[in-house]
Amino acid sequence: MKALCWHGTGDVRIDKVPDPKIENPRDAIVRITASGICGSDLHLFDGFMPTMEDGDILGHEPMGEVVEVGSAVHNLKKGDRVVVPFTISCGDCFFCKKTLFSCCDTSNPNAEIARKAMGHSPAGLFGFSHMMGGFPGGQAEYLRVPFADVGPLKIESELPEEQVLFLSDIFPTGYMAAENCGIEEGDTVAIWGCGPVAQFAIQSAWMLGAARVIAIDRVPERLKMAEQQGRAETINFSETDVYDRLQEMTKGRGPDRCIDAVGCEAHSTGAVDAVLDKVKTAVMLGTDRAHVLREAIMCCRKGGTISVPGAYVGFPDKLPFGAFMNKGLTMKTGQTHMQRYMKPLLKKIEAGEIDPSFVITHRVKLDDAPEMYKTFRDKKDGCIKVVLKP
Ligand SMILES: NC(=O)c1ccc[n+]([C@@H]2O[C@H](COP(=O)([O-])OP(=O)(O)OC[C@H]3O[C@@H](n4cnc5c(N)ncnc54)[C@H](O)[C@@H]3O)[C@@H](O)[C@H]2O)c1
Ligand SMILES: [Zn+2]
Ligand SMILES: [Zn+2]
């Protein structure tokens, strides 16, 4: 089959690779019909993620048609239309039973590497480095789905593919990010980033009762989407000091809830901490550019909450932990506990409360994926979200 393979920083190609096969009775094989490119893929493309290997297949936002099931998979059959979540979870361990699916204790075969890096291993993830299991991803013609009796969501209605595809990652991720804020009546929610995850965090903040949503980015079409689709007020961080502007907008109190939907590749226009990050990551002395996380801690109101869906990989430094402690802040984060959110959010789509396809700007063939990685990374051609159609 054809698949998008990683060959080093900035180098992804379409290769011919062997078709996946059932390896375990709980596996299914899915013929991929659509697959997103995610901001997380950019961290791999840009070389931020350790333990990638030459030839790894990327992609973790797939959907398609079941073509084969293992003998222990009774809830799916050949021909079913499914959305596959990016987290691989067993469904029966201590963590899965608590619906902490992205913390699954059994799905990462390389748990030992992750344990050395993080103290404990999170769940295995599709297309996301060997520390996270080395599972081939879904930017391919076919995908092997382990624990297929737990992960894939069957789509039984006639909803078009583009409306349900983002149940694989970014809609649940934006929703969990907003839920992790603990929004209370009257709250102002500030969201760093206007990328796809942030767009769904904006939508979800309203669903969960925010009184006001302020979104921050510098890319004009992304700010515009936050304003038009998201009904958010916006701040362009390349034109305005974010701290000053947020305090002004909240009469000096600061936003009640802050969401970092940017993660480890934050940009900045000249702030000292950001310049240091850039130098340190460029010479391999640093792992993350944490400017947004620092800024969110400084901006957040006392007693407020910081929610971090943005991905971090290693040891972000210079975090103002004194401010975090003395202001009495709370932080919640994590890879999304996908299987907890997919069904309830599908109901919202079916009820017409949201049509997630609004973020899509580019629809291309799998063959064009290498070019689209660059377009998406460089935010060229108005690119906000790419869907690959094998
Ligand atoms: N927790 C999870 O389970 C999960 C799931 C999916 C994605 N993610 C992570 O969420 C993050 C966002 O994903 P995405 O697909 O929206 O990515 P994206 O790269 O398209 O969007 C990031 C946005 O942040 C903006 N940005 C950069 N620096 C900024 C700054 N200083 N202030 C404000 N905005 C700034 C960029 O201009 C861009 O629009 C990534 O880190 C991704 O890895 C996490
Ligand atoms: Zn993703
Ligand atoms: Zn589990």
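Note that the structure is predicted; figures quoted are calculated from it, not measured. (Residues numbered from 1 in each chain as written. Chains lettered and ligands numbered in written order. Predicted model: local features only at pLDDT ≥ 70, side-chain atom pairs only at ≥ 80, totals over all residues. Heavy atoms only, no water.)

**Q** Help me understand the overall build of the protein, please; the structure alone is not making it clear to me.
**A** Secondary structure assignment for the protein yields 13 helices and 18 strands. The C-alpha atoms of the protein give a radius of gyration of 20 Å, which matches the 21 Å a tight globule of 390 residues would have. Considering only C-alpha atoms, the protein reaches an extent of 60 × 50 × 45 Å along its principal axes. Looking at the protein as a whole, 57% of its 390 residues qualify as buried. Each charge class in the protein was averaged separately, 45 positive and 52 negative side chains, and the resulting centres sit 2 Å apart. (Helix = DSSP H or I, 4+ residues; strand = E, 2+ residues; numbered from the N terminus. Rg over C-alpha atoms; globule rule 2.2 N^0.38 Å. Buried < 20%, exposed > 50% of the residue type's maximum accessible area, 1.4 Å probe, protein only. Lys, Arg positive; Asp, Glu negative; His and termini not counted. Charge placed at Lys NZ, Arg CZ, Asp CG, Glu CD.)

**Q** Quick question: what am I supposed to make of a nonpolar patch on the surface here?
**A** There is a patch of nonpolar side chains on the surface, built from Val-275, Val-279, Val-283 and Leu-285 and spanning about 380 Å² of accessible area. Relative to the elements of secondary structure, Val-283 occurs in the loop between helix 9 (272–282) and helix 10 (291–299). (Patch = residues over 30% accessible without salt bridge, like charges linked within 9 Å, V, L, I, M, F, W, Y side chains within 5 Å. Areas by Shrake-Rupley, 256 points an atom, 1.4 Å probe, with all protein chains shown as cover. Salt bridge = Lys/Arg side-chain N within 4 Å of Asp/Glu carboxyl O.)

**Q** Sorry if this is basic, but what is going on with the coordination of the zinc ion (ligand 3) here?
**A** Octahedral metals with six donors have ideal donor angles of 90 or 180 degrees. Tetrahedral metals with four donors have an ideal donor angle of 109.5 degrees. The zinc ion (ligand 3) binds to the protein through Cys-90 (SG), Cys-93 (SG), Cys-96 (SG) and Cys-104 (SG), with metal-donor distances spanning 2.3 to 2.4 Å. Seen from the zinc ion (ligand 3), its four donor atoms lie at angles of 103 to 116°, and the figure they make is tetrahedral. (Donors = N, O, S within 2.8 Å, 3.2 Å for Na, K, Ca; no water. Tetrahedral: all angles 85-135°; square planar, octahedral: opposite > 155°, others 65-115°.)

**Q** I would appreciate a short explanation of the side chain of Asp-80 in the present structure.
**A** Relative to the helices and strands, Asp-80 resides in the loop between strand 5 (62–69) and strand 6 (81–83). Within the local environment of Asp-80, its side chain forms a polar contact with the backbone nitrogen of Lys-77, the two atoms lying 2.8 Å apart. When neighbours within four sequence positions are excluded, Asp-80 is seen to be in contact with Gly-64, Glu-65, Val-66, Asn-75 and Lys-154. (Polar contact = N/O pair within 3.5 Å; in protein donor to acceptor, adjacent residues only side chain to side chain. Contact = heavy atoms within 4.5 Å.)

**Q** Hey, could you run me through the packing of aromatic side chains in this one?
**A** Aromatic ring pairs are described here by two measures, namely the spacing of the ring centres and the angle between the planes. All told, the structure shown has eight aromatic pairs when counted by the stated rule. On the numbers, 4.9 Å between centres and 80° between planes, the contact of Phe-94 with Phe-95 is edge-to-face. Members of the aromatic cluster, joined through ring pairs, are Phe-166, Phe-171, Phe-200 and Phe-358. (Phe/Tyr/Trp six-rings, centres within 6.5 Å; stacked < 30°, edge-to-face > 60°.)

**Q** How should I be thinking about the sheet that holds strand 1 (residues 2–6) in this particular structure?
**A** Strand pairing in a sheet relies on backbone hydrogen bonds, with the paired strands running either antiparallel or parallel. Taken in spatial order, the three strands of this open sheet run 2-1-4, and their pairing is antiparallel. Either end of the sheet is taken by a strand with one partner, and the two such strands are strand 2 (12–16) and strand 4 (56–57). Helix-sheet contacts for helix 13 (residues 369–377) involve strand 1 and strand 2, and the interaxial angle to strand 2 is about 160°. (Pairing = 2+ DSSP bridges. Axes fitted to C-alpha atoms, helices over the stretch in contact; angles between N-to-C directions.)

**Q** In this structure, what is going on with empty space enclosed by the protein? I would like to understand it.
**A** If a probe the size of a water molecule is rolled over the atoms, the empty space left behind becomes visible. Enumeration over the complete set of coordinates arrives at one cavity of 30 Å³ or more. The volume enclosed by the largest cavity comes to roughly 40 Å³. Grouping the constituent residues of the lining of the largest cavity by class yields eight nonpolar, three polar and no charged. (1 Å grid on protein atoms, 1.4 Å probe; cavity = no way out; pocket = protein on both sides within 12 Å on 5 of 7 lines; lining within 4 Å. Points joined across faces, edges and corners; volume = space filled by probe spheres on them. Nonpolar A, V, L, I, M, F, W, Y, C, P; charged D, E, K, R; others polar.)

**Q** Looking at this structure, how should I read the sheet that holds strand 11 (residues 188–192)?
**A** Read across the open sheet, the six strands follow the order 13-12-11-14-15-16; overall the sheet is parallel. The open sheet terminates on both sides in strands that have one partner only, identified here as strand 13 (233–236) and strand 16 (330–333). Strand-to-strand twist in this sheet, taken as the mean axis angle between neighbours without regard to direction, amounts to 20°. Across four bridges, the pairing between strand 15 (residues 305–308) and strand 16 is parallel. Along strand 16, the bridge assignment pairs Thr-305 with Thr-330.

**Q** Where do I start with the environment of Glu-61 in this structure?
**A** Assignment of secondary structure puts Glu-61 in the loop between strand 4 and strand 5. Under the relative-accessibility criterion, Glu-61 is labelled buried at 0%. Spatially, the C-alpha atoms of Glu-61 and Gln-139 are 8.1 Å apart, while their sequence positions differ by 78 residues. Setting aside anything within four residues of it in sequence, one finds Glu-61 in contact with Ala-34, Ser-35, Gly-36, Ile-37, Cys-38, Leu-165, Phe-166, Ser-168, Asp-169, Ile-170 and Lys-385.

**Q** Would you take a moment to explain the pairing of strand 13 for this structure?
**A** Each regular strand displays side chains that alternate between the two surfaces of the sheet. Where strand 12 (residues 212–217) lies against strand 13, four bridges are found, and the strand directions are parallel. By the bridge assignment, Asp-217 is partnered in strand 13 with Asn-236. Traced from strand 12 through helix 7 (residues 220–228) to strand 13, the parallel crossover comes out right-handed. (Right-handed = clockwise from strand over helix to strand, strands pointing away.)

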